[in-house]
Amino acid sequence: MTTLRTVSIIGAGQMGAGIAQTVALGGYDVRLYDIDTARLPVAVASIAASLARQVGRGGIDQAQADQAMARITTTEHLAEAGAVDLVLEAAVEDEAVKKAVLTGLLPHLGPDTLLASNTSSISITRLGSATDRPERFIGLHFMKPAPVMKLVEIVRGIATSAETYEAAVAFAESLGKTVTRAEDFPAFIVNRILVPMINEAIFTLYEGVGDVVSIDKALKLGANHPMGPLELADFMGLDVVLAIMNVLYDGLADSKYRPCPLLVKYVEAGWLGRKSGRGFYDYSGETPVPTR
């Protein structure tokens, strides 16, 4: 297998920026690409701010932060993004978008380039089939926020080779992450368990069993969760929660995965959580305030 030295991250949103930071701290040269070029300087600024917070907490020193920033470059060209050892797609959680990104990359990849997706729910087998190298395609699902969370789910498609899997494990572990292997079923392990719980919390709100504060307090204090399920939904993005529920519902054909109508309504309203300023909480003031 090719020794991995250079990595491109496709998608400069919150997840892509977090992965770029993590990979750069791991000692790799990183190219960050987004079809919306206006996102690139925003992502670089957020990475710099995040590294500064890590320095402030004593997690890394200033030299490590400076070295990580020096390893990150941005590009507006897919040809440059493809000329690396590993390309990691971190676009929006939409299968059509991801396939379009992967198809656009193919002419620019070297014969030995590995492809990975950070999808949190979509079939690795189907995504890999849209490429010219399904045996060199794998799921590398980083948890959010990527610089903090220790886990990476490794997901093999039906065609993924053993060599690709071993390279993916070695890469994730070189970043200081712990890996778990998940089979290629809808939403894999973490989100197969976590997101239906969030959906059930939204049903609990929808049916009037408890209000936002009561539901989040109940799970934090009654189940020792660090964040309440509605607070976590806002952190993840309600559009992402809905997308994962739809993948589960469509892929497993079980009514227990039906998205809550209230979740659908919030997404239709553009109330997507922290990133839009409003979800189950309103984030416009100093302290989040429940919206329901």
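Just so you know, the residues in each chain are numbered from 1, in the order the chain's sequence is written. Local features in a predicted model are, by the rule used here, given only for residues with pLDDT of at least 70; side-chain atom pairs are given and counted only at 80 or more, and totals for whole chains, interfaces and linings are based on all residues. With hydrogens and water excluded, all non-hydrogen atoms of the structure serve as input to the side-chain values.

Per an unreviewed UniProt entry, the recorded name for the chain is 3-hydroxybutyryl-CoA dehydrogenase, and the organism is Brevundimonas variabilis. UniProt positions are given in the numbering used here, feature names are shortened, and annotations may be inferred rather than shown by experiment. In its Sequence similarities (unreviewed entry) section, the UniProt entry covering the chain states "Belongs to the 3-hydroxyacyl-CoA dehydrogenase family."

**Observations regarding the UniProt feature "domain: 3-hydroxyacyl-CoA dehydrogenase NAD binding" (unreviewed entry) in the chain**
Per the UniProt entry, the sites bearing "domain: 3-hydroxyacyl-CoA dehydrogenase NAD binding" (unreviewed entry) are residues 6-184 in this numbering. By the criteria applied, helices consist of DSSP H or I runs no shorter than four residues and strands consist of E runs no shorter than two, each listed in order from the N terminus. Structurally, residues 6-184 is divided into 42% helix and 22% strand, and its ends, taken at the C-alpha atoms, are 27 Å apart.

**Observations concerning the layout of surface pockets**
Residues are said to line a cavity or pocket when one of their atoms sits within 4 Å of a point; the points come from a 1 Å grid over protein atoms alone, cavities being sets where a 1.4 Å probe fits but cannot get out and pockets being open sets with protein on both sides within 12 Å along at least five of seven lines. Grid points are joined across faces, edges and corners, and a volume is the space filled by probe spheres set on the points. The computed volume of the largest pocket comes to approximately 1,300 Å³. Considering the residues around the largest pocket, the lining is formed by 46 residues, among which Met15, Asn118, Lys144, Met236 and Val240 are closest to the centre. Among the secondary structure elements, those contributing two or more residues to the lining of the largest pocket are helix H1 (14-25), helix H2 (39-57), helix H5 (95-105), strand S6 (137-142), helix H8 (190-206), helix H10 (229-236) and helix H11 (238-252). Per element, the largest residue contribution to the lining of the largest pocket is 5 residues, and it comes from H8. Ten residues, namely Ala, Val, Leu, Ile, Met, Phe, Trp, Tyr, Cys and Pro, are considered nonpolar, four, namely Asp, Glu, Lys and Arg, are considered charged, and the remaining ones, Gly among them, are considered polar. A breakdown of the residues in the lining of the largest pocket according to their chemical character gives 28 nonpolar, 10 polar and 8 charged. Counting contributing residues, the lining of the largest pocket receives three or more from each of domain 1 (6-183) and domain 2 (191-290). Each pocket or cavity is described by its volume, and for the second largest pocket that value is around 480 Å³. If you trace the second largest pocket, you find 20 residues lining it, with Gln14, Arg53, Lys144, Pro145 and Phe235 closest to the centre. For the lining of the second largest pocket, the elements supplying multiple residues, two or more each, are H1, H2 and H10. Element by element, the count of residues in the lining of the second largest pocket is highest for H2, at 6 residues. When grouped by side-chain class, the residues that make up the lining of the second largest pocket number 8 nonpolar, 6 polar and 6 charged. Split by domain, the lining of the second largest pocket shows at least three residues from each of two domains, domain 1 (6-183) and domain 2 (191-290). Each domain span listed reflects an automatic or database assignment of domains.

**With respect to the nonpolar core**
In this structure, Ile9, Ile19, Leu140, Phe142, Ile154 and Phe171 are the most contacted members of the largest nonpolar core, which totals 39 residues. The contact definition used throughout considers only heavy atoms, calling two residues in contact when any of these lie within 4.5 Å. The contacts of Phe171, once residues within four sequence positions are left out, are Leu4, Val7, Val23, Tyr28, Leu86 and Leu140. Counting residues in each nonpolar core, the second largest holds 27 residues, with Val241, Ile244, Leu248 and Tyr283 among its members. In plain words, nonpolar cores are sets of buried Ala, Val, Leu, Ile, Met, Phe, Trp, Tyr and Cys residues tied together by side-chain atoms within 4.5 Å. Only protein chains enter the accessibility calculation, which uses a 1.4 Å probe; a residue whose area is less than 20% of its type maximum is buried, one above 50% is exposed, and one in between is partly exposed.

**Focus on the UniProt feature "domain: 3-hydroxyacyl-CoA dehydrogenase C-terminal" (unreviewed entry) in the chain**
Here, the residues flagged by UniProt with the feature "domain: 3-hydroxyacyl-CoA dehydrogenase C-terminal" (unreviewed entry) are residues 188-283. Between the end C-alpha atoms of residues 188-283 the distance is 31 Å, and the span holds 61% helix and 2% strand.

**Observations concerning the side chain of Thr113**
Note that Thr113 resides in the loop between H5 and strand S5 (114-117). A polar atom in the side chain of Thr113 sits 3.2 Å from the backbone nitrogen of Gly110. When residues no more than four places from it in sequence are discounted, the contact partners of Thr113 are Gly82, Val84, Asp85, Leu86, Val87, Arg133 and Arg136. Whenever a nitrogen or oxygen atom comes within 3.5 Å of another N or O atom, the pair is scored as a polar contact, on the condition that within protein one atom can donate a hydrogen and the other can accept it, and that pairs from neighbouring residues in sequence are kept only if both atoms are in side chains.

**Looking at the packing of aromatic side chains**
For Phe, Tyr and Trp, rings pair up if their centres lie within 6.5 Å, where Trp contributes its six-membered ring, and each pair is then called stacked (planes under 30 degrees apart), edge-to-face (over 60) or tilted (otherwise). Scanning the entire structure with this criterion turns up 5 aromatic pairs. Their ring planes at 65° and their centres at 6.3 Å tell us that Phe203 and Tyr206 sit as a pair that is edge-to-face. Here Tyr206 and Phe203 lie together in helix H8, a separation of 3 residues that amounts to about one turn. The partly exposed category is assigned to Tyr206, whose relative accessible area is 42%. With a centroid separation of 5.3 Å and 80° between ring planes, the pair formed by Tyr266 and Trp271 is classed as edge-to-face. Members of the aromatic cluster, connected to one another through ring pairs, are Tyr266, Trp271 and Phe280. Consider the ring centre and the ring normal. A charge sits over the ring if Lys NZ or Arg CZ is within 6 Å of that centre and within 35 degrees of that normal. The ring of Tyr165 carries the charged tip of Arg181 above its face, separated from the ring centre by 5.5 Å. The residue whose ring lies beneath Arg278 is Trp271, and the NZ or CZ to ring-centre distance is 4.7 Å.

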